[in-house]
Amino acid sequence: MKKSANTMTGMGEREQIVESDSKVSARPYPYAIMKEKMDALERLDLHFRWGRYGIRVLKWHLTTFKPGQLIKFHKHSEFEFHFVPRGKGTVTLIDHIYKLNSGMFYLTGPGVVHQQTADNRSGMEELCLHVDITRLPDGEGREEWGSEWENKESEACIQALTDFPLRPFMDQHDAMTCFLQAYMAWRSGELGAYTTIRQSLIQILLRAAKATVDRDGQQMLPARDIQAHRFEMAQQYIYDNYARPLTLQEVADRIQISTRQLQRVFHRYGVSSFSSYLEDFRLQRICEELVETSNTVESIAVNHGFTNTNYLFQVFKKKMGMTPLAYRQRHQLTSV
């Protein structure tokens, strides 16, 4: 008896679904390698400062829950991140039960009572991270190079984690891959492994926090006061090149603005003109060398951008009220 075309089509579709399911089940499981040494990361003495916070790792591992396994109600004094890379189950957060599927995660902060159950058929695997997060005393969180924005970012992240809703979320920012990155860095033992592990941990915190932050609530990225930055760049270029002929046009070209814009920048910071600023800086360096060395005035003039010694005498006397030699004698006697 011949089967109808519709029946044949239906069978074909089912065969495609079965084939597709087999491909999914056969897909390599990236976290399997972490089973080689499941507690490798938490054996490391990982503690460091991030912004104004001290971060200390207590647990950081992959664990497997057998089908139907129950982890009874308990709580921690630290933050515990639970990511589900495979399997499913349920979690009870205080008095609400939520389903857990692969690709989801939830966070239990200090003192949050929770209970977890693995699915009766499939069981569940979990990437688990326990971190103790401590606000450092003000003296330990002092401002350092580049610390301003790290302080702000860590502050915003920890606040988001502190206020994290008691329910599961999809790992839409792919924090789970950071577990694998950290493990592979430990496994390689290569130069830079510690930095990679540290960065992976921070990324887990940030990516988890971002799950609850809408686009309107995104933190502003570091931004310069562009005028102040341009003035600083112009200053630095002048300081590095003042001893040779230097023009307003050259400085403007180096910081990629017009001479008119550069003049406005100077005016904003109380500089009447480029030439007077350059001249004052040259005189400042000449005064230092007059006092600190016994070099001749002629050589000092050449070394600091005055090719004409007579012109230096004119400018110096007008600005300082005395000749270069008189300035040297007065200040060398004073220093003695």
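Residues numbered from 1 in each chain as written. Predicted model: local features only at pLDDT ≥ 70, side-chain atom pairs only at ≥ 80, totals over all residues. Heavy atoms only, no water.

Residue-level account of the overall build of the protein chain, with values.
Helix and strand content of the protein chain: 11 helices and 9 strands. Buried positions account for 39% of the 336 residues belonging to the protein chain. Partitioning the intrachain contacts of the protein chain with sequence separation of at least 6 by distance along the chain shows that 74% fall at a separation of at least 24. Total accessible area on the protein chain stands at roughly 20300 Å², and carbon and sulfur atoms take up 51% of it. (Helix = DSSP H or I, 4+ residues; strand = E, 2+ residues; numbered from the N terminus. Buried < 20%, exposed > 50% of the residue type's maximum accessible area, 1.4 Å probe, protein only. Contact = heavy atoms within 4.5 Å. Areas by Shrake-Rupley, 256 points an atom, 1.4 Å probe, with all protein chains shown as cover.)

Explain the packing of aromatic side chains to me, and be specific about the residues and the numbers.
Evaluated as defined, the whole model comprises 17 aromatic pairs. Taken together, a centroid distance of 5.8 Å and an interplanar angle of 65 degrees make the contact between Tyr29 and Tyr31 edge-to-face. What makes Tyr29 buried here is its relative accessible area of 16%. Pairing Phe105 with Phe164 gives two aromatic rings, centres 5.8 Å apart and planes at 50 degrees, and the pair type is tilted. On the criterion of sequence distance, the pair formed by Phe105 in strand S6 (residues 104-108) and Phe164 in the loop between helix H2 (147-162) and strand S9 (169-170) is long-range, its members being 59 residues apart. Both residues of the pair, Phe105 and Phe164, count as buried. Here the aromatic residues Trp60, Phe83, Phe105, Phe164, Phe169 and Phe179 are joined through ring pairs into a cluster of three or more. If you follow Arg135 out to its NZ or CZ, it ends over the ring of Tyr53, 5.4 Å from the centre. Arg167 extends its terminal NZ or CZ atom over the ring of Phe169, reaching a point 4.0 Å from the ring centre. (Phe/Tyr/Trp six-rings, centres within 6.5 Å; stacked < 30°, edge-to-face > 60°. Lys NZ or Arg CZ within 6 Å of the ring centre and 35° of its normal.)

Describe the environment of Arg49, and please don't skip the residues or the numbers.
Mapped onto the fold, Arg49 is located in strand S1 (residues 47-50). Residues Arg49 and Leu136, spaced 87 residues apart in sequence, show a C-alpha to C-alpha distance of 8.6 Å. Within polar-contact distance, the side chain of Arg49 engages the backbone oxygen of Gly51 at 3.3 Å. (Polar contact = N/O pair within 3.5 Å; in protein donor to acceptor, adjacent residues only side chain to side chain.)

Run through helix H4 (residues 193-210), naming residues and quoting values.
For H4, which comprises 18 residues, the first-to-last C-alpha distance of 25 Å matches the rise-based estimate of 26 Å (1.5 Å per residue) to within 8%. When we look at burial in H4, the residues that qualify are Ala193, Ile197, Ser200, Leu201, Ile202, Ile204, Leu205, Leu206, Ala208 and Ala209. (Expected span 1.5 Å × (residues − 1).)

Describe the nonpolar core, and please don't skip the residues or the numbers.
By size, the foremost hydrophobic cluster in this structure holds 46 residues, and its most contacted members are Trp50, Trp60, Phe81, Phe83, Leu129, Val131 and Leu161. Those elements giving two or more residues to this core turn out to be S1, strand S2 (53-65), strand S4 (79-93), S6, strand S8 (124-135), H2, helix H3 (176-188) and H4. The element that contributes the greatest number of residues to this core is H4, accounting for 9 residues. Excluding residues within four positions of it along the chain, Phe81 makes contact with Tyr106, Leu107, Leu127, Cys128, Leu129, Val131, Leu161, Leu205 and Ala208. Ala234, Ile257, Leu262 and Val271 belong to the second-largest nonpolar core, a separate cluster that totals 19 residues. (Core = buried A, V, L, I, M, F, W, Y, C linked by side-chain atoms within 4.5 Å.)

Would you mind going over the side chain of Ser154 in detail, with residue names and values included?
In this fold, Ser154 is placed in helix H2. Overall, Ser154 belongs to the buried group, its relative accessible area being 0%. In contact with Ser154, other than residues within four places in its own chain, are Trp50, Gly51, Arg52 and Tyr53.

Can you tell me about unusual backbone geometry, naming the residues and giving the values?
Look at Ile94: it is not a glycine, yet its phi comes out positive at around 60 degrees. Following the sequence through the fold, Ile94 ends up in the loop between S4 and strand S5 (96-101). Judged by relative accessible area, which is 46%, Ile94 ranks as partly exposed. Backbone geometry at Asp174 places phi at a positive 60 degrees, although glycine is not the residue there. As for its placement among the helices and strands, Asp174 is situated in the loop between S9 and H3.

Lay out the pairing of strand S7 (residues 114-118) in plain terms, naming residues and giving numbers.
Along S7, 4 of the 5 residues are buried, which leaves the element largely enclosed by surrounding structure. As judged from the 3 bridges shared by strand S3 (residues 70-74) and S7, these two strands associate in the antiparallel manner. Looking at the pairing, Leu70 lines up with Thr117 of S7. Here 5 bridges tie S4 to S7, and the two strands are oriented antiparallel to one another. Bridge assignment links Gly89 to a residue of S7, and that residue is Ala118. (Pairing = 2+ DSSP bridges.)

I'd love a proper account of the packing of H2 against H4, names of residues and values included.
For the pair H2 and H4, interaxial distance at closest approach is 9 Å and the crossing angle is 60 degrees. In terms of orientation, H2 lies oblique with respect to H4. In this structure, H2 crosses over H4, and the sense of that crossing is left-handed. Of the residues in H4, those touching H2 at Glu153, Cys157, Ala160 and Leu161 are Leu205, Leu206, Ala208 and Ala209. A class-by-class count of the residues in the contact of H2 with H4 yields 7 nonpolar, no polar and 1 charged. (Axes fitted to C-alpha atoms, helices over the stretch in contact; angles between N-to-C directions. Parallel < 35°, antiparallel > 145°, perpendicular 65-115°, else oblique. Left-handed = near helix turned anticlockwise from the far one by under 90°. Nonpolar A, V, L, I, M, F, W, Y, C, P; charged D, E, K, R; others polar.)

Before we move on, could you go through the environment of His96 and cite the residues and values that matter?
Checked against the element boundaries, His96 lands in strand S5. On the basis of relative accessibility, which here comes to 45%, the residue His96 falls in the partly exposed class. Considered as a pair, His96 and Arg167 are 71 residues apart in the sequence and their alpha carbons are 8.5 Å apart. Engagement of the side chain of His96 in a polar contact is seen with the side chain of Asp95, the distance being 2.8 Å.

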